[in-house]
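# Notes for the structure review
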Amino acid sequence: MSDCRYHGAGSTRLVTPVLSSGLKATPKQASSKNCRLPFASRVLHYRANGFLHYRKRLIKDRGMSTHKIALLDGDGIGPEIMAEAVKILNLVAERNRVNFELKSGAFGATAYFSHGDAFPEETKALCDSADAILKGPIGLSHEESKKIPVDMQPERGALLPLRRRYDTFANFRPVRLPKNIAHFSPLKAEVIGDGIDFIIIRELVGGLYFGNKKIGVTAEGKRFVTESLEYNEDQISRIARVAFETAQKRKGVLHNIHKSNVLKSSVLWNEVMEEVSRDFPEVEVKHILVDAAATYLCLDPAQFDVMVMENMFGDILSDQGGGILGSLGLMPSACIGPEKAYYEPSHGSAPDIAGQKIANPYSMIGSVAMMMEMSFGMDGEARNVWQAMQSVFAQGFSTPDLSKPGADVNMISTDGFGDLVAQELSKL
Ligand code: NAD
Ligand code: IPM
Ligand code: MN
């Protein structure tokens, strides 16, 4: 039986079908039905959930040239950066003679105000029928959020339900800054060395986010809340396998981030990590406490290549990843489930800059690149999109989140960046 594994080479991750013997598949074998599953699903399909179930549901004919993509603009800067992502999607379609059927759905606070529901039924239907989902950030400022009942706010009312609906347990958050644009990082050149390039793999549908919650008042009349950090071994082993697979195809080093000196959930997490590691003897596992990891991310990010962690740790450390790059605007992500994947920037709706056309669309266009690679197997074009974005910055252009205005900075707007990326992409 052929197996389709995840390859990572330096800053570029490739999808190359590999036989279970470890030999590369011939082109014919590579195009067999199993290997035609979208990459995102292939990893999870084989590694986490067994073969037959997904084979029935996921087989898609790569020969078909139409991919349905649901677009969820979201709130704040969402529509502004989505417009640039759509620009690139249309160009990619044209260049590759594929057809992206793009349909937009209401999602987030905007949907709450227009439909009374942050994740309306019609948007659920649109997402159900899509091959992949491209999502902009959702959410309101602290003050504005108070206009929506707590459980209907877009985080609890739309985003977490989206993740749960498609069981998107594997969240890939690349933290990447090639050397030629490393000047955007607040870190010193000697700390950055050859550039920053690691990936955070965050478990996305477990832990505190989805654990039991109880809110009440004690007999003494004091308000209380409990929220539990819940994982079972299956939830841990499936994300562990994704992380080991990724590490195996990159540098063979996996940093397991935990807090087992305090949390029992981390004790189980580490036990399962060690069990899964037996299937990956060539991957070296390094265990780091989450608090120490936060420091190392600033002092020596080059030691990391693949990091895996539970949901909440991943939320916090991935934003720190954005910090060491210089902006959250450089943080795309992929959220992969067994049957469906969605793609979104790691950052939020940035209410402080919404409507000003200064948001950086790199995270949104990078999410398109991840979709091209992970859902549609368009690895080469995904690399082109990355390259186009980076060469815009390498030419001295900057968005306002990354630089202060100055003589050596050619500041561009959100749509200016999208236009230049399109121009660069056309040359590749
Ligand atoms: P944020 O990520 O929206 O903003 C933090 C800072 O980063 C701000 O200064 C913002 O201007 C800047 N920033 C973020 N993205 C940028 C971009 N593309 N270009 C330039 N600058 C950018 O975080 P926040 O202010 O804490 O949260 C705002 C709202 O977003 C909240 O309601 C929160 O719940 C929500 N949120 C949603 C998601 C999501 O949809 N996945 C993720 C994080 C936060
Ligand atoms: C993220 C966001 C979300 C999270 C919020 C908006 C629910 O911060 O995607 O990182 O905490 O997962
Ligand atoms: Mn976050």
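Going by the structure above, here's the rest.
About the criteria used
Residues numbered from 1 in each chain as written. Chains lettered and ligands numbered in written order. Predicted model: local features only at pLDDT ≥ 70, side-chain atom pairs only at ≥ 80, totals over all residues. Near = placed C-beta within 6 Å. Nonpolar A, V, L, I, M, F, W, Y, C, P; charged D, E, K, R; others polar. Core = buried A, V, L, I, M, F, W, Y, C linked by C-beta atoms within 7 Å. Buried ≥ 20, exposed ≤ 12 C-beta atoms within 10 Å, placed from the backbone. Helix = DSSP H or I, 4+ residues; strand = E, 2+ residues; numbered from the N terminus. Domains from an automatic or database assignment. Contact = placed C-beta atoms within 7 Å. Expected span 1.5 Å × (residues − 1). Pairing = 2+ DSSP bridges. Axes fitted to C-alpha atoms, helices over the stretch in contact; angles between N-to-C directions. Parallel < 35°, antiparallel > 145°, perpendicular 65-115°, else oblique. Left-handed = near helix turned anticlockwise from the far one by under 90°.

## A word on the site of ligand 2
Close to ligand 2 lie Gly 139, Glu 155, Leu 159, Asp 315 and Ser 346. Here the residues of the shell around ligand 2 sort into 1 nonpolar, 2 polar and 2 charged.

## A few points about the nonpolar core
One finds Ala 85, Ile 201, Ala 243, Val 308, Ile 365, Val 368 and Val 385 to be the most contacted residues of the largest nonpolar core, which totals 104 residues. It is helix α14 (residues 362-374) that contributes the most residues to this core, 9 residues altogether. Built from parts of two domains, this core gets at least three residues from each of domain 2 (65-185 + 326-428) and domain 3 (197-321). With residues near it in sequence (within four places) discarded, Ile 365 still touches Glu 84, Ala 85, Ile 88, Val 385, Met 389 and Val 421.

## What about helix α8 (residues 154-165)?
Among all positions of α8, only Pro 154, Gly 157, Ala 158, Leu 159, Leu 162 and Arg 163 are buried. Asp 167 occupies a position one or two residues after α8 and carries a positive phi of about 50°.

## Focus on helix α13 (residues 311-325)
Its 15 residues give α13 an end-to-end C-alpha distance of 21 Å, which sits within 8% of 21 Å, the value for a rise of 1.5 Å per residue. Listed in full, the buried residues belonging to α13 are Asn 311, Phe 313, Gly 314, Leu 317, Ser 318, Gly 321, Gly 322 and Leu 325. Those residues of α13 hidden inside the fold are in contact with β6 (170-178), β7 (195-203), β10 (253-258), α12 (290-299) and β12 (306-309). Positive backbone phi, approximately 120°, marks Gly 326, located one or two places after α13.

## A closer look at the environment of Ala 293
Position of Ala 293 among the secondary structure elements: in helix α12. For the pair Ala 293 and His 255, spaced 38 residues apart in the sequence, the C-alpha separation amounts to 9.3 Å. Dropping the residues within four chain positions of it, Ala 293 is found in contact with Ile 257, Ile 288 and Leu 317.

## Things to note about the pairing of β12
Regular strands show a simple pattern: their side chains alternate between the two faces of the sheet. Side-chain alternation along β12 places Val 306 and Val 308 on one buried face and Met 307 and Met 309 on a second face that is also buried. Summarising the sheet, β7 and β12 pair through 4 bridges and their orientation is parallel. The partner of Ile 199 across the bridge, within β12, is Val 306. Relative to β12, β10 runs parallel, the two being bridged by 3 bridges. By the bridge assignment, His 255 is partnered in β12 with Met 307.

## Describing the packing of helix α15 (residues 379-394) against helix α16 (residues 414-427)
Taken N-terminus to C-terminus, the directions of α15 and α16 make an angle of 120°; their axes are 8 Å apart at the nearest point. It follows from the interaxial angle that α15 and α16 lie oblique. The two elements α15 and α16 meet at a crossing, and its hand is right-handed. Only Phe 417, Leu 420, Val 421, Glu 424 and Leu 425 of α16 make contact with α15, whose side of the interface consists of Asn 384, Val 385, Ala 388, Met 389, Ser 391 and Val 392. Considered class by class, the residues forming the contact of α15 with α16 number 8 nonpolar, 2 polar and 1 charged.

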